[in-house]
Amino acid sequence: MPAKIASIWFATNERDASSVLGSLSNPLGSAIGSFIPGMLVSGESDSAIKHGIQSTLLVQMIFSFVSLVASIFLFRERPPTPPSATAENTGDDRSNTSIFEYFGTLLTSPEYVKILIPFTIILANLNAVAALLNQLPTNYSSGQIGVTGAALIMGGFIASLAIGYILDYTKAHLFLIRLLYVLTFLSWTFFMASSRNNVFPMFIIAAICLGASTLSAVSTTMIVSVEVSYPIPADAAVGLLYMFANTAAIAMTFIGQVLLSDSSSAPAPFFPYGLFIIIIFGFSLLPIVFFKGTFQRMMRET
């Protein structure tokens, strides 16, 4: 949806930054959703836990209600005048094409699959690690883990905004997507190496680097997926990315729990979960190395 809104409402020199802002809502919401319950549900008594759960549900209800009302009364379907040439062809005419046909076309596109695989790996593990922070082999308190989560989110938010504006200005999509996946691999390796006792400042710095590189790579991949799959609708191209990543997050969380329950005393980053992360993120680089990327939407507008 963020990519489609950007395609319909924003000019070509604004589209990437607006897409980034929208794309941040998914990982940002997942991360916040993982940390807020831990802040509201505290204490050991049944009454304290019950009160915390009720508070959490109330917060969710308020945010959901406000979002629903805003979407109904404050938003129009499209601007009076299309802001770009491709905004006139947003894939809204789907009378003869189902969403599954679009998915089939995307999954048979080698270039799309080359970004689908690494995107699934990095976003699935980002969502998983948000739930696993407290289980990492560290001796940090719940408060320190909460600060770490906040640092991760803010690092990602600020870096992704910067990347959006850089993309709008340079249009260097191919260079940036390759660079960001390399930085993502390095930052996750750094984070796993920092997952040990009594190095909290380094742990925070590693979390900031992880958030900055991973969320920037997520946002850039979303934008690139729309460019290479045009004229397939933006929401189909991006929706398939998130469908794979969110499904894989379940498996990554389970695998993480199993590996972190291992009593191995290997030093960071060579504990079982750390090695798993390094290997799988190294694998995520391979498709990006061979990604060529024909940016069909940009070609249509030149």
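Not measured: the values here are computed from a predicted model.

Quick notes on the rules
- Residues numbered from 1 in each chain as written.
- Predicted model: local features only at pLDDT ≥ 70, side-chain atom pairs only at ≥ 80, totals over all residues.
- Heavy atoms only, no water.
- Helix = DSSP H or I, 4+ residues; strand = E, 2+ residues; numbered from the N terminus.
- Expected span 1.5 Å × (residues − 1).
- Buried < 20%, exposed > 50% of the residue type's maximum accessible area, 1.4 Å probe, protein only.
- Axes fitted to C-alpha atoms, helices over the stretch in contact; angles between N-to-C directions.
- Parallel < 35°, antiparallel > 145°, perpendicular 65-115°, else oblique.
- Left-handed = near helix turned anticlockwise from the far one by under 90°.
- Nonpolar A, V, L, I, M, F, W, Y, C, P; charged D, E, K, R; others polar.
- Core = buried A, V, L, I, M, F, W, Y, C linked by side-chain atoms within 4.5 Å.
- Contact = heavy atoms within 4.5 Å.
- pLDDT = per-residue confidence, 0-100.

1. Let's talk about helix α4 (residues 46-73)
Part 1 of the argument: The terminal C-alpha atoms of α4 lie 41 Å apart, and with 28 residues this matches the ideal 40 Å at 1.5 Å per residue to within 8%.
Part 2 of the argument: Within α4, the full set of buried residues consists of G52, T56 and A70.

2. Description of the packing of helix α7 (residues 142-170) against helix α9 (residues 200-229)
Part 1 of the argument: The contact between α7 and α9 brings their axes to 7 Å, and the two run at 40°. Taken together, the axes of α7 and α9 lie oblique to each other. Handedness of the crossing formed by α7 with α9: right-handed.
Part 2 of the argument: Grouping the amino acids of the contact of α7 with α9 by side-chain chemistry returns 18 nonpolar, 9 polar and no charged.

3. Things to note about the nonpolar core
Part 1 of the argument: The biggest cluster of nonpolar side chains holds 71 residues, and the ones touching the most others in it are F119, Y181, W188, F191 and Y273.
Part 2 of the argument: At the level of elements, α5 (99-107), α6 (110-132), α7, α8 (173-193), α9, α10 (234-260) and α11 (272-289) are the ones that each hand at least two residues to this core.
Part 3 of the argument: Sort the elements by how many residues they give to this core and α9 lands first, with 14 residues.
Part 4 of the argument: Here W188 is in contact with N125, L126, V129, L210, T214, I277 and F281, once residues within four sequence places are set aside.

4. Comments concerning the confidence of the model for the protein chain
Part 1 of the argument: Confidence in the prediction of the protein chain, expressed as mean pLDDT, is 83, and 85% of residues score 70 or more.
Part 2 of the argument: Considering each helix and strand of the protein chain separately, the mean pLDDT is smallest for helix α12 (residues 296-301), with a value of 66, and largest for α8, with 94.

5. Section: α8
Part 1 of the argument: Between the first and last C-alpha of α8 there are 30 Å, a value that for 21 residues agrees with the 30 Å anticipated at 1.5 Å per step.
Part 2 of the argument: Looking at α8, one finds that the buried residues are H173, L176, I177, L180, Y181, T184, S187, W188, F191, M192 and A193.

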